[in-house]
Amino acid sequence: MDQINFWIGIVATIAFAVTGVLAIADRGVDLFGVLVLGVITAIGGGTVRDIILDVPAFWSIAQIYIWVALGACIVTFVAESFFTQPQIYRWMLYIDGLGAALFGIQGADKAWNLGFGLPVAPVILGVVTAIGGGLLRDILAGRKTLLMSHELYAIPVTLGCCVYVLILNFFPALTLEGSVLCMLAIFGLRAAAIYWDLRVPKLFITKTR
Amino acid sequence: MDQINFWIGIVATIAFAVTGVLAIADRGVDLFGVLVLGVITAIGGGTVRDIILDVPAFWSIAQIYIWVALGACIVTFVAESFFTQPQIYRWMLYIDGLGAALFGIQGADKAWNLGFGLPVAPVILGVVTAIGGGLLRDILAGRKTLLMSHELYAIPVTLGCCVYVLILNFFPALTLEGSVLCMLAIFGLRAAAIYWDLRVPKLFITKTR
Amino acid sequence: MDQINFWIGIVATIAFAVTGVLAIADRGVDLFGVLVLGVITAIGGGTVRDIILDVPAFWSIAQIYIWVALGACIVTFVAESFFTQPQIYRWMLYIDGLGAALFGIQGADKAWNLGFGLPVAPVILGVVTAIGGGLLRDILAGRKTLLMSHELYAIPVTLGCCVYVLILNFFPALTLEGSVLCMLAIFGLRAAAIYWDLRVPKLFITKTR
């Protein structure tokens, strides 16, 4: 199980680093900026989660995450023209959605196991793990953050983490199955949003003046 | 006393969530963004304070603050046209000023009671509690932050926290009276600034070039 | 040795507060904003480092850093026209580069001595100490951050911290000489970048589209 969790984290880290770099590459960022912003996208959310949980940052214990993120950033920088091909980029979006699903459930799980602010805090920290790194990147890069777009990105994560917390609470025997199910549900919703280009309906958006 | 402190915190949380949502509603934010940005406005300052103080985030212990903030955000989202009426909005500004006064003194008080970096840190952490959430919201929403406007908002809080720390230091017997007095003073200054539309005088502003 | 470390920190704090204020002064900031943004520039990086290290913020123990930063901000505000003279401003840039060198090595050293995430985390936290405050200032002031410019600022710090960590690892007997050497190397590279107006070569910058 720990083994699986580890590989899940590695895949999500690579996905986030690659899409993190691609998101800012069109602004003319130097290699140092690419490394910093890519690594922050990949490990920033988990770092904020760990600070709030008051546990050591996960990458201070398992430094492999940093090396993997750095490697993914360099590869993306060098092979930028490969990754920005529409077909490849679309694949990256799906992998990024998978990363968000994995990080979200892992984050909620970590908070739950520490008994931190049950039951509401695990949902919040799951969402923070999944979108926190991207928010930090956008703030540092001067981009509009996810919260101001109307993408269906954080909402599937939030719903999935809510369901997962309900499972942890009412069906603790089904934790493993529940986590897989919720990851798949988040990824499914996100993939549908990418595939059909779904967005938040107008009804749920405040009126601009 | 704890009872009073609790209700003070609840009122301030509602005020911050409502004004937090109203501040960004004109940008066309979806319901998820409204919830995140409203809750961050309400509990972000206290969270940063608790991280610096290295104590558990207050909402991980008293989750009622999150529920109240979420509820206030949803009500504001649904009844946006009510809250944006000039007369009602003005009332909200006053309540927000009251919230800043309450949060500022509560934040300074918490740092003081923990003996954290006396005497200067309690003032800093009081100000962080009062304005930190709004700063985080503005950064995430891509708005100009309070620090770049010339509003009389943080200055009354800072002055009030300074006076409160002086009282705690030199007249420890008068803590209760002092806290009420300083809250009223902050609120009074802020209310005057709203009522007469006072701003920082030109003399205290750097020259644009 | 502690004595030297202390004075190094004071000089760097003053340098960061002064250049921190000058960087935003042309935007018409009021005295409160000047104080907050100048102090954040000076102590923000070290604060983020200490939060990640989970040790008390350095300024909660040695409050002198706050007083020095506040004093430097006020002097800069009052004597703005002095500091913005091209010749003086250039001097300030060099002192700021010295500050970055000092803060970077001090930050790496602190993480190393705490045994935090060796060997990679000390490099990251050295860089965070040196540039974190400036990043926070730019985010709060709505400026483009260092990461999106192509200045040779963070790169010398990163290289210097890498070399310092290598020295700590392989030649622990040479810690003192190594720290001085690395500070000088960082400062030398940064000074060269200021003097010849060096920037990151195009080859290492992503293509804007």
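Residues numbered from 1 in each chain as written. Chains lettered and ligands numbered in written order. Predicted model: local features only at pLDDT ≥ 70, side-chain atom pairs only at ≥ 80, totals over all residues. Heavy atoms only, no water.

Points about the overall build of chain A
Along the backbone of chain A there are 9 helices and 0 strands. Reading chain A from its N terminus to its C terminus gives the helix and strand order α-α-α-α-α-α-α-α-α. At 17 Å, chain A has a C-alpha radius of gyration in line with the 17 Å of a compact globule built from 209 residues. Taken over the C-alpha atoms alone, chain A extends approximately 50 × 45 × 30 Å along its principal axes. Counting only residues that meet the buried cut, chain A has 59% of its 209 residues in that class. For chain A, restricting intrachain contacts to residue pairs at least 6 apart in sequence, the fraction spanning at least 24 positions comes to 74%. Element-wise, carbon and sulfur atoms account for 72% of the exposed surface of chain A, whose accessible area totals about 9000 Å². (Helix = DSSP H or I, 4+ residues; strand = E, 2+ residues; numbered from the N terminus. Rg over C-alpha atoms; globule rule 2.2 N^0.38 Å. Buried < 20%, exposed > 50% of the residue type's maximum accessible area, 1.4 Å probe, protein only. Contact = heavy atoms within 4.5 Å. Areas by Shrake-Rupley, 256 points an atom, 1.4 Å probe, with all protein chains shown as cover.)

As for the UniProt feature "transmembrane region" (unreviewed entry) in chain A
All names here are of chain A. Per the UniProt record, the feature "transmembrane region" (unreviewed entry) sits at residues 6-25, 32-52, 58-79, 91-108, 120-140, 152-172 and 178-198. Taken end to end, residues 152-172 has its terminal C-alpha atoms 29 Å apart, with 81% of it in helix and 0% in strand. Helix makes up 86% of residues 178-198 and strand 0%, whereas the separation of the span's terminal C-alpha atoms amounts to 26 Å. (UniProt positions renumbered as here; feature names shortened; annotations may be inferred.)

Some details on the packing of aromatic side chains
Under the counting rule described, the total for this entry stands at 21 aromatic pairs over all chains. Between Trp-59 of chain A and Phe-116 of chain C, the ring centres sit 6.1 Å apart and the planes meet at 90°, which makes this aromatic pair edge-to-face. With Trp-59 of chain A in helix 3 (residues 58-61) and Phe-116 of chain C in the loop between helix 6 (86-113) and helix 7 (120-141), this pair bridges two chains. For Trp-59 of chain A, a relative accessible area of 3% puts it in the buried group. Since its relative accessible area comes to 9%, Phe-116 of chain C is described here as buried. A connected cluster of aromatic rings, assembled from ring pairs, spans Phe-6, Trp-7, Phe-58 and Tyr-65 of chain A. (Phe/Tyr/Trp six-rings, centres within 6.5 Å; stacked < 30°, edge-to-face > 60°.)

Here's the deal with a nonpolar patch on the surface
All names here are of chain A. On the surface, a cluster of nonpolar side chains totalling about 430 Å² of accessible area is made up of Leu-166, Phe-170, Phe-171 and Leu-174. Note that Leu-166 resides in helix 8 (residues 154-170). The exposure class of Leu-166 is partly exposed, given its relative accessible area of 48%. (Patch = residues over 30% accessible without salt bridge, like charges linked within 9 Å, V, L, I, M, F, W, Y side chains within 5 Å. Salt bridge = Lys/Arg side-chain N within 4 Å of Asp/Glu carboxyl O.)

Observations concerning the relation of the copies chain C and chain A
The operation relating chain C to chain A is a screw motion whose rotation component is 120°, with 0.0 Å of axial translation and a residual RMSD of 0.0 Å. The relationship between the two copies is best expressed as a three-fold rotation axis. Little of the interface of chain C is mirrored in chain A, where only 10% of its interface residues are also at the interface. (Least-squares fit on C-alpha atoms with pLDDT ≥ 70 in both.)

Comments concerning the relation of the copies chain C and chain B
Both copies of the chain are placed relative to one another by a rotation about an axis and a shift along it. For the match of chain C to chain B, the screw axis carries a shift of 0.0 Å, the RMSD comes to 0.0 Å, and the turn is 120°. Here only 12% of the contact residues of chain C are again contact residues in chain B; the copies associate through non-equivalent surfaces.

A look at the interface of chain C and chain A
Taken together, the 29 residues of chain C in the interface contact 25 residues of chain A. Surface buried jointly by chain C and chain A totals about 2400 Å² across both partners, of which 70% is contributed by carbon and sulfur atoms. Viewed at the interface, chain A and chain C are joined by 9 residue pairs in polar contact (both at pLDDT 80 or more). Every element with two or more residues in the side of chain C that touches chain A is listed here: helix 2 (31-53), helix 7 and helix 8 (154-170) of chain C. The biggest single contributor to the side of chain C that touches chain A is helix 7 of chain C, with 6 residues. Each residue belonging to the side of chain C that touches chain A can be placed in one class, and the counts come to 19 nonpolar, 7 polar and 3 charged. (Buried area = accessible area lost by both parts, 1.4 Å probe. Polar contact = N/O pair within 3.5 Å; in protein donor to acceptor, adjacent residues only side chain to side chain. Nonpolar A, V, L, I, M, F, W, Y, C, P; charged D, E, K, R; others polar.)

Comments concerning the interface of chain C and chain B
Contacts between the two partners involve 25 residues from chain C, matched on the other side by 29 residues from chain B. Each partner contributes to the roughly 2400 Å² buried at the junction of chain C and chain B, and carbon and sulfur atoms together form 70% of this total. The three residues of chain C that bury the most area against chain B are Asp-30, Phe-32 and Leu-140 of chain C, which together make up 26% of that side's buried surface. At the boundary of chain C with chain B, the tally comes to 0 salt bridges. Where chain C meets chain B, there are 9 residue pairs in polar contact (both at pLDDT 80 or more). Among the elements of the structure, helix 2, helix 3 (58-61), helix 4 (64-78) and helix 7 of chain C are those that each provide at least two residues to the side of chain C that touches chain B.

Here's the deal with the pattern of salt bridges
All names here are of chain A. Using the criterion set out here, one finds 15 salt bridges over all chains in the structure. In this structure, Arg-190 engages Glu-151 in a salt bridge whose closest nitrogen and oxygen atoms are separated by 3.2 Å. Of this pair, Arg-190 sits in helix 9 (residues 175-195) while Glu-151 sits in the loop between helix 7 (120-141) and helix 8, placing them 39 residues apart in sequence. For Arg-190, a relative accessible area of 7% corresponds to the buried category.

Here's the deal with helix 6 (residues 86-113) of chain A
Here helix 6 of chain A contains 28 residues, and its C-alpha end-to-end distance of 40 Å stays within 8% of the 40 Å for a straight helix at 1.5 Å per residue. Note on helix 6 of chain A: the residue one or two positions beyond its end, Gly-115 of chain A, has a positive phi of about 65°. (Expected span 1.5 Å × (residues − 1).)

Re unusual backbone geometry
Between Leu-118 of chain B and Pro-119 of chain B the backbone carries a cis peptide bond, its omega angle lying at -5°. Mapping Pro-119 of chain B onto the fold places it in the loop between helix 6 (86-113) and helix 7 (120-141). A positive phi angle, near 60°, is found at Asp-54 of chain C, a position not held by glycine. Checked against the element boundaries, Asp-54 of chain C lands in the loop between helix 2 and helix 3. The backbone phi angle of Asp-197 of chain C is positive, close to 50°, even though this residue is not glycine. Residue class for Asp-197 of chain C comes out exposed when judged on its relative accessible area of 56%.

Digging into the UniProt feature "domain: Glycine transporter" (unreviewed entry) in chain A
All names here are of chain A. Following the UniProt record, one finds the feature "domain: Glycine transporter" (unreviewed entry) at residues 7-79 and 94-167. Along residues 7-79 one finds 84% helix and 0% strand; the C-alpha atoms at either end are 24 Å apart. Helix makes up 76% of residues 94-167 and strand makes up 0%, while its end C-alpha atoms are separated by 26 Å.

Quick word on the packing of helix 6 of chain A against helix 7 of chain A
The angle between the axes and the distance between the axes are what describe a pair of packed helices. Residues and elements named next belong to chain A. Between helix 6 and helix 7, the shortest axis-to-axis distance is 7 Å and the interhelical angle comes to 145°. Every pair of crossing elements has a handedness; the one defined by helix 6 and helix 7 is right-handed. Along the contact surface, helix 6 presents Ala-100, Phe-103, Gly-104, Gly-107, Ala-108, Ala-111 and Trp-112, while helix 7 presents Pro-122, Leu-125, Gly-126, Thr-129 and Ala-130. Broken down by class, the residue content of the contact of helix 6 with helix 7 amounts to 8 nonpolar, 4 polar and no charged. (Axes fitted to C-alpha atoms, helices over the stretch in contact; angles between N-to-C directions. Left-handed = near helix turned anticlockwise from the far one by under 90°.)

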